[in-house]
Amino acid sequence: MELLGLYHYWVFAVLLMIGFYAVVAKVNLVKKLIGVSLFQAAVFLLYITMSKVTGGTAPILQEGMVDPVFSNPLPQVLILTAIVVGISTTALGLGIVVRIKEEYGTIEEHEIQEIDRR
Amino acid sequence: MTVLFGIFLLTLLVITAVAIVQTRNLFVAVMLLGIFSLLIALNFFILDAADVALTEAAVGAGISTVLFLGALALTSERERLGTQHRWLSLVVVTSATLVVLYATFDKPLFGDPGAPVHQHVAPWYLEKTPEYIDIPNVVTAVLGSFRGYDTLGEVFVVFTAGIGVMFLLSAHSGGANRRKQEASGIGLREHLIPRVVGRLLVPFILLFGLYVQFHGDYGPGGGFQAGALIAAAFILYALVEGEERTLAALPQSWLNALMVSGALLYGGVGLAGIVLGSSFLDYSVLSADPIAGQHLGIILIEAGVGMTVTGVLLSIFHAFAARDQA
């Protein structure tokens, strides 16, 4: 049970690195952005995992609660806004990819570099 | 039981992530990314983060999938060459994974109430929210009032990203494209079932979006979630009925006005605090009673957030869709 207490963090580490692998190893630019999204989601998971308190509940105050235990609202606030910012910046990245496709005719990184070298 | 369910969901997340990276078909990868978002939203929910789960489900599984599909329609659906420097990347990534895993052994155990993160300001927020702000949802209180600066910054980042996308994608798409779009922008109108179901769902999604917007003080919800939901309703309408009709219902000029006035409303409420003799983003002075002032301030800034998020997400969607028809 002791070790299961760290399981969430291991999943965070693995997801983070799966996203990182997609960013460094994949050639396709859309795939790289998907990797960035995975990386980002892993960070979200880390924060929300840290906010959890055993036996706690969502931080919404209600009348008549006896000795309530609440999970930490602060990481939740940070991630709530980060999700919306994340989709906006991903959309910006996709916009750049679309323009690259129109200018270069490809979204594979090595082909773009070859065209640039010519 | 919840612990077991959590572990099951986390394992599914890892499997989905591996499948996303493995597949060479980008369409499949985007669909799997939607599933991944839904799974992670479920995880957030069982980790007591109801607000975050709602946002992730609306943004990650809904809007992000549509945007990725829009980009795929403009680029290509298949990766031509899978990977480069495969072994080097694997070595780097594996060693980085080991370093991060090693670091996790210093983390406090999952759910430990004595963890440092729970000792600093969080107990203060939980304790003082009834006294200073008096709304049940502490997440909204922290987001709107205690940490209003952060949220203002985030709103401006979203706003800037929206402007960026519009600049990037509006180049050379003049009137000619618009006219072409009228002819081809019929959406799914010839498919009966999606059309009937889609049209039935749109008003309910809009209603739910408005509920989430105005109920954010009392339950999970607020401007970010509502903005994403309302944008999703219009995107669904656009998919079913075509771009042209959606732009007729909610023209781009309105969307521009919506995103600008949302950001200005937020900043304006902040400035009103200064004008009324307190500091920036202090809502207590907006009304004679400080708590009523806080309520008013939070409702106003949440409205600003909702307007900006709706405007930006819909503008981004329309920018991709208009490019698609060009």
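Residues numbered from 1 in each chain as written. Chains lettered and ligands numbered in written order. Predicted model: local features only at pLDDT ≥ 70, side-chain atom pairs only at ≥ 80, totals over all residues.

Novice: Before we go on, may I ask you to explain the overall build of chain A in this structure?
Specialist: Scanning chain A from terminus to terminus reveals four helices and zero strands. Ordering the α and β elements of chain A from the N terminus gives α-α-α-α. The C-alpha radius of gyration of chain A comes to 20 Å, more than 25% above the 13 Å expected for a compact globule of 118 residues. Once the C-alpha set of chain A is aligned to its principal axes, its extents read approximately 70 × 35 × 15 Å. When each of the 118 residues of chain A is scored for burial, the buried share is 54%. (Helix = DSSP H or I, 4+ residues; strand = E, 2+ residues; numbered from the N terminus. Rg over C-alpha atoms; globule rule 2.2 N^0.38 Å. Buried ≥ 20, exposed ≤ 12 C-beta atoms within 10 Å, placed from the backbone.)

Novice: I'm lost on the overall build of chain B in this one. Help?
Specialist: Summing up its helical and strand segments, chain B has 13 helices and zero strands in all. Tracing chain B from N to C terminus, the helices and strands come up as α-α-α-α-α-α-α-α-α-α-α-α-α. C-alpha extents for chain B along the principal axes are approximately 55 × 50 × 35 Å. Sorting the 326 residues of chain B into buried and exposed places 45% on the buried side. Across chain B, contacts joining residues at least 24 apart in sequence account for 72% of those joining residues at least 6 apart. (Contact = placed C-beta atoms within 7 Å.)

Novice: Would you explain the domain arrangement of chain B in this entry?
Specialist: Many descriptions give the size of an interface as the accessible area lost when the pieces come together. Residues and elements named next belong to chain B. Each assigned domain of chain B is listed here: domain 1 (1-79) and domain 2 (135-326). Between the C-alpha centres of domain 1 and domain 2 the distance comes to 23 Å. The partner domain 2 presents 18 residues to the 14 residues of domain 1 that form the contact. Looking at the side of domain 1 that touches domain 2 residue by residue, the class counts come to 10 nonpolar, three polar and one charged. (Domains from an automatic or database assignment. Nonpolar A, V, L, I, M, F, W, Y, C, P; charged D, E, K, R; others polar.)

Novice: Please explain unusual backbone geometry as it appears in this structure.
Specialist: Residues and elements named next belong to chain B. Although it is not a glycine, Asp-134 sits at a positive phi angle of roughly 60°. Among the structural elements, Asp-134 can be located in the loop between α5 (122-132) and α6 (138-146). One non-glycine residue with positive phi stands out, namely Leu-281, at about 65°. Within the element layout of this structure, Leu-281 appears in the loop between α12 (252-275) and α13 (290-325). Using a count of 23 C-beta atoms within 10 Å as the deciding quantity, one classes Leu-281 as buried.

Novice: Whenever I open this one, the nonpolar core confuses me. Can you help?
Specialist: Note that soluble globular proteins tend to have their nonpolar side chains buried in a common cluster. Residues Leu15(A), Ile63(B), Leu67(B), Ala228(B) and Ala232(B) are the most contacted members of the largest nonpolar core, which totals 128 residues. Here this core gets 14 residues from one element, more than from any other, and that element is helix α10 (residues 223-241) of chain B. Two domains each donate at least three residues to this core, and these are domain 1 (1-79) and domain 2 (135-326) of chain B. With near-sequence residues (within four places) excluded, Ala228(B) lies in contact with Val84(A), Thr55(B), Ala58(B), Val59(B), Ile63(B), Val309(B) and Leu313(B). (Core = buried A, V, L, I, M, F, W, Y, C linked by C-beta atoms within 7 Å.)

Novice: Looking at this structure, how should I read the interface of chain A and chain B?
Specialist: Facing the 71 residues of chain A at the interface are 88 residues of chain B. Secondary-structure elements contributing two or more residues to the side of chain A that touches chain B are α1 (7-25), α2 (29-51) and α3 (73-104) of chain A. Element by element, the count of residues in the side of chain A that touches chain B is highest for α3(A), at 23 residues. Taken together, the residues of the side of chain A that touches chain B sort by class into 46 nonpolar, 19 polar and six charged.

Novice: Looking at this model, I keep getting lost on the confidence of the model for chain A. Mind explaining?
Specialist: Should pLDDT be low for a region, the predicted coordinates there are not to be read in detail. Per-chain confidence: chain A averages 90 in pLDDT, with 97% of residues scoring 70 or above. Within chain A, helix α4 (residues 109-117) of chain A has the poorest average pLDDT of any element, 89, and α2(A) the best, 94. (pLDDT = per-residue confidence, 0-100.)

Novice: Help me understand the packing of helix α1 (residues 2-22) of chain B against helix α2 (residues 26-46) of chain B, please; the structure alone is not making it clear to me.
Specialist: Geometrically, a packed helix pair is captured by the angle between its two axes and the distance between the axes. Residue and element names in this part refer to chain B. Contact geometry for α1 and α2: axes closest at 9 Å, N-to-C directions at 160°. Our classification of the angle between α1 and α2 gives roughly antiparallel. Here the hand of the crossing between α1 and α2 comes out left-handed. Of the residues in α2, those touching α1 at Thr-2, Phe-5, Gly-6, Leu-9, Leu-10, Leu-12, Leu-13, Thr-16, Ala-17, Ala-19 and Ile-20 are Ala-29, Leu-32, Leu-33, Ile-35, Phe-36, Leu-39, Ile-40, Leu-42, Asn-43 and Ile-46. Per-class residue counts for the contact of α1 with α2 are 17 nonpolar, four polar and no charged. (Axes fitted to C-alpha atoms, helices over the stretch in contact; angles between N-to-C directions. Parallel < 35°, antiparallel > 145°, perpendicular 65-115°, else oblique. Left-handed = near helix turned anticlockwise from the far one by under 90°.)

Novice: Would you mind going over helix α7 (residues 148-170) of chain B with me for this structure?
Specialist: The α-helix advances 3.6 residues per turn, and as a result positions three or four apart in sequence lie on the same side. Between the first and last C-alpha of α7(B) there are 33 Å, a value that for 23 residues agrees with the 33 Å anticipated at 1.5 Å per step. Within α7(B), the full set of buried residues consists of Gly148(B), Thr151(B), Leu152(B), Glu154(B), Val155(B), Val158(B), Phe159(B), Ala161(B), Gly162(B), Val165(B), Met166(B) and Leu169(B). (Expected span 1.5 Å × (residues − 1).)

Novice: Teacher, can you tell me more about the environment of Leu169(B) here?
Specialist: By secondary structure assignment, the location of Leu169(B) is in helix α7. Classification of Leu169(B) by C-beta neighbours within 10 Å gives buried; the count is 27. Separated by 153 residues in the primary sequence, Leu169(B) and Ala322(B) have C-alpha atoms spaced 8.6 Å apart. In contact with Leu169(B), not counting residues within four places along its chain, are Gly95(A), Val98(A), Ala319(B), Phe320(B) and Arg323(B).

Novice: Honestly, the confidence of the model for chain B in this entry has me stumped. Any pointers?
Specialist: Residue and element names in this part refer to chain B. Chain-level statistics for chain B give a pLDDT mean of 88 and a share of 93% at 70 or above. Segment residues 174-185 is flagged for pLDDT under 50; beyond a separation of four residues in sequence, or across chains, it makes 14 contacts in the model. Two numbers describe this predicted complex: its pTM, 0.90, and its ipTM, 0.94.

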